[in-house]
Amino acid sequence: EIKEEKIIYKNSKYLELLESKIKLGSNNLTNYSRINRQSFSQVILINELEQYLFQLRYRIGCKDYILEFPGGAIDQNETPIKSAEREMREELGLNNINLIQLGSCYIDPMRSEFIGYFFKSNLLNTLKPFTAFVEGELEESYFFWMGKDQIKKYFSLLASSAIIGLYLI
């Protein structure tokens, strides 16, 4: 049971670190740190060759290049599907795509209550690989298609959210 919480660090709207006083057992209180961050939407785009569109980018947290599906944070008062539609416009220039909800889950329930929402869409036309600077991001992204055999080969580069998305497919 959380008895008290206070923000001990805040970085814009994307991240807060909270110190929580929690009750364990009868009267024992202990401190625990929690992360408050926005939930996100990701979209698994599948082309006519049954390949998946991935985004390769450097992530500061793990200090490495990783593979993710396109998507991003859900803004305040925005639904997960509206977030997914907005992210497809911002990152890929796609409008009016048919999104099918695959599911959602807590991403790190031990430390945070943020949720990942996953969608898919089948594209009839293939986007060509390209590099882009995504608005609001710290680094550039490279977008490209990969088939299942290639995904297995580069599994160690997949973000956990990409693994969840592939599982939901």
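Residues numbered from 1 in each chain as written. Predicted model: local features only at pLDDT ≥ 70, side-chain atom pairs only at ≥ 80, totals over all residues. Heavy atoms only, no water.

J.: What's the story with the nonpolar core in this structure? I'm lost.
T.: Taken as a class, soluble globular proteins show a tendency for nonpolar side chains to be buried jointly. Residues Leu45, Leu92 and Leu94 are the most contacted members of the largest nonpolar core, which totals 17 residues. What Leu45 contacts, discounting residues up to four positions off in sequence, is Gln51, Tyr52, Leu53, Met88, Leu92, Leu94, Ile97, Ser121, Leu123 and Trp145. Within the second largest apolar cluster, 11 residues are counted, among which are Tyr52, Phe144, Met146 and Ala162. (Core = buried A, V, L, I, M, F, W, Y, C linked by side-chain atoms within 4.5 Å. Buried < 20%, exposed > 50% of the residue type's maximum accessible area, 1.4 Å probe, protein only. Contact = heavy atoms within 4.5 Å.)

J.: How should I be thinking about helix α1 (residues 80–92) in this particular structure?
T.: Counted at 1.5 Å a residue, the expected span for α1 with its 13 residues is 18 Å, and the 18 Å between its end C-alpha atoms agrees. All buried positions along α1 are accounted for by Ser83, Ala84, Arg86, Glu87, Met88, Glu91 and Leu92. With its phi angle positive at about 70°, Gly93 sits one or two positions after the end of α1. (Helix = DSSP H or I, 4+ residues; strand = E, 2+ residues; numbered from the N terminus. Expected span 1.5 Å × (residues − 1).)

J.: Before we go on, may I ask you to explain helix α3 (residues 160–168) in this structure?
T.: Because each turn of an α-helix spans 3.6 residues, side chains separated by three or four positions in sequence point in the same direction. Among the residues of α3, those classed as buried are Ser161, Ala162 and Gly165. Down the axis of α3, the smallest arc covering the buried residues is 100°, so these residues share one side. For α3, the elements touching its buried residues are β4 (40–46), β5 (52–59), β6 (64–68), β8 (100–106) and β9 (115–122). (Arc of directions from axis to C-beta.)

J.: Looking at this structure, how should I read the packing of aromatic side chains?
T.: Between two aromatic rings, the relevant description is the distance of the centres plus the angle of the planes. For the structure shown, the criterion picks out 5 aromatic pairs. Taking the centre distance of 6.2 Å and the plane angle of 50° together, the rings of Phe40 and Phe114 count as tilted. Here Phe40 is found in strand β4, whereas its partner Phe114 is found in the loop between β8 and β9, with 74 residues between them in sequence. Relative accessible area serves as the criterion here: at 8%, Phe40 is assigned to the buried category. You can call Phe114 buried: its relative accessible area is 7%. Taking the centre distance of 4.7 Å and the plane angle of 25° together, the rings of Phe54 and Phe69 count as stacked. (Phe/Tyr/Trp six-rings, centres within 6.5 Å; stacked < 30°, edge-to-face > 60°.)

Spatial relationships are all this shows, so hold off on functional conclusions.
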